[in-house]
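Tertiary structure, described
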Amino acid sequence: MNRFEHIRPASVAEAVAAAAVPGSAYLAGGTNLVDLMKLGVARLQRLVDITRLPGLDRIDWLPDGSVRVGALVRNSDLAYDARFARAFPAVAEALLSGASAQLRNAAPVGGNLMQRTRCAYFQDPSSACNRRAPGSGCDAIGGENRMHAVIGWSEQCIATHPSDVCVPLVALDAVAEVAGRDGVRDVSVETLHALPGTTPEHETALAPGELVVALRLPAEAAGFSGHARYLKLRERTSFAFAVVSAAAALAVDGDTIRAARIALGGVAAKPWRVREAEASLDGARPGAEAFATAADLALAGARPSGDNAFKIALARRIVARTLALAWQGTPDV
């Protein structure tokens, strides 16, 4: 057994100071971290338990119409919050697509944001994985890789990011509030996770010890509430990561699309926003042709990382289908 120290700080400042020590990690819901510890992948010297930090379990609606969600708000509580679900239905839909009901009841929003990009080889200490052990190689390249990345991958890592909720959050310009030794700063969810490049061990834009304390969605994102969907394709209905997924949100004037937001999941080491596809829909009349064009643009830079060329064609169809569903309107909840 790997022995570790358990610390329960009384404030965010104490937590940040404690977690800045090498070999430390934050413990919130633990639904990802504890699994990695059991597998021997995460071998930590210190767990900084933030579960009792005050003020991080609230949903606050701000005067400008935006919403601030504390990092310790549980996924299920956020998904079933009626006001939040009406304003940001694709986010609620994505939350309810993730994991199982038991895990959604335990997992906090901040932990979902900070899920590690990983694959089966990452979770097997006997396999070569540059993300887990820099310089060791990547057994996924040349191995079983049908579920791996088709966008933004490198010869160092081809794993995909597993979060569902991060996909619509990226599409809707969500921001993470991050506390560190120098105070609190904003990091867009789109830039929170890093592509592998030559250093896949550098997984996020956070410095050592920095802590996500809240998530904010801008008031403008609620303008898409009438035509917003999240669609996830998986190999079994429950408790599985996406093969591919897509979030689509449309702002419409009559029979014309005024603005579009599109992001993909299951295709890269981070949720993937596709602005070129969005731009193609500005001022367009909705329909199969416009949605197919947007889907082609969304996957224009995709290429297989192994035995997964099927994901590219599949993702195109998922984008077009999600746009069509969004155009039909958000279902009543």
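Let us look at the structure shown here. (Residues numbered from 1 in each chain as written. Predicted model: local features only at pLDDT ≥ 70, side-chain atom pairs only at ≥ 80, totals over all residues. Heavy atoms only, no water.)

Of regular secondary structure, the chain possesses 12 helices and 12 strands. A globule of 333 residues ought to have a C-alpha radius of gyration of about 20 Å, and the chain, at 20 Å, matches this closely. Here the chain, with 333 residues, has 52% of them falling under the buried criterion. Taking all contacts inside the chain whose residues are at least 6 apart in sequence as the whole, residues at least 24 apart take part in 64%. Entry remark: accessible area of the chain is about 14,600 Å², with carbon and sulfur atoms responsible for 51%. (Helix = DSSP H or I, 4+ residues; strand = E, 2+ residues; numbered from the N terminus. Rg over C-alpha atoms; globule rule 2.2 N^0.38 Å. Buried < 20%, exposed > 50% of the residue type's maximum accessible area, 1.4 Å probe, protein only. Contact = heavy atoms within 4.5 Å. Areas by Shrake-Rupley, 256 points an atom, 1.4 Å probe, with all protein chains shown as cover.)

Even without being a glycine, Asp 173 presents a positive backbone phi close to 60°. Inspection of the secondary structure puts Asp 173 in the loop between α8 (166-171) and β6 (175-180).

Here helix α11 (residues 288-298) crosses helix α12 (residues 310-328) at 140°, and the two axes come no closer than 8 Å. By the angle between their axes, α11 is oblique relative to α12. Along this stretch, α11 crosses α12, giving a crossing that reads as right-handed. Contacts between α11 and α12 involve Phe 291, Ala 294, Ala 295, Asp 296 and Ala 298 on the former and, on the latter, Arg 316, Val 319, Ala 320, Leu 323, Ala 324 and Trp 327. Partitioning the contact of α11 with α12 into residue classes produces nine nonpolar, no polar and two charged. (Axes fitted to C-alpha atoms, helices over the stretch in contact; angles between N-to-C directions. Parallel < 35°, antiparallel > 145°, perpendicular 65-115°, else oblique. Left-handed = near helix turned anticlockwise from the far one by under 90°. Nonpolar A, V, L, I, M, F, W, Y, C, P; charged D, E, K, R; others polar.)

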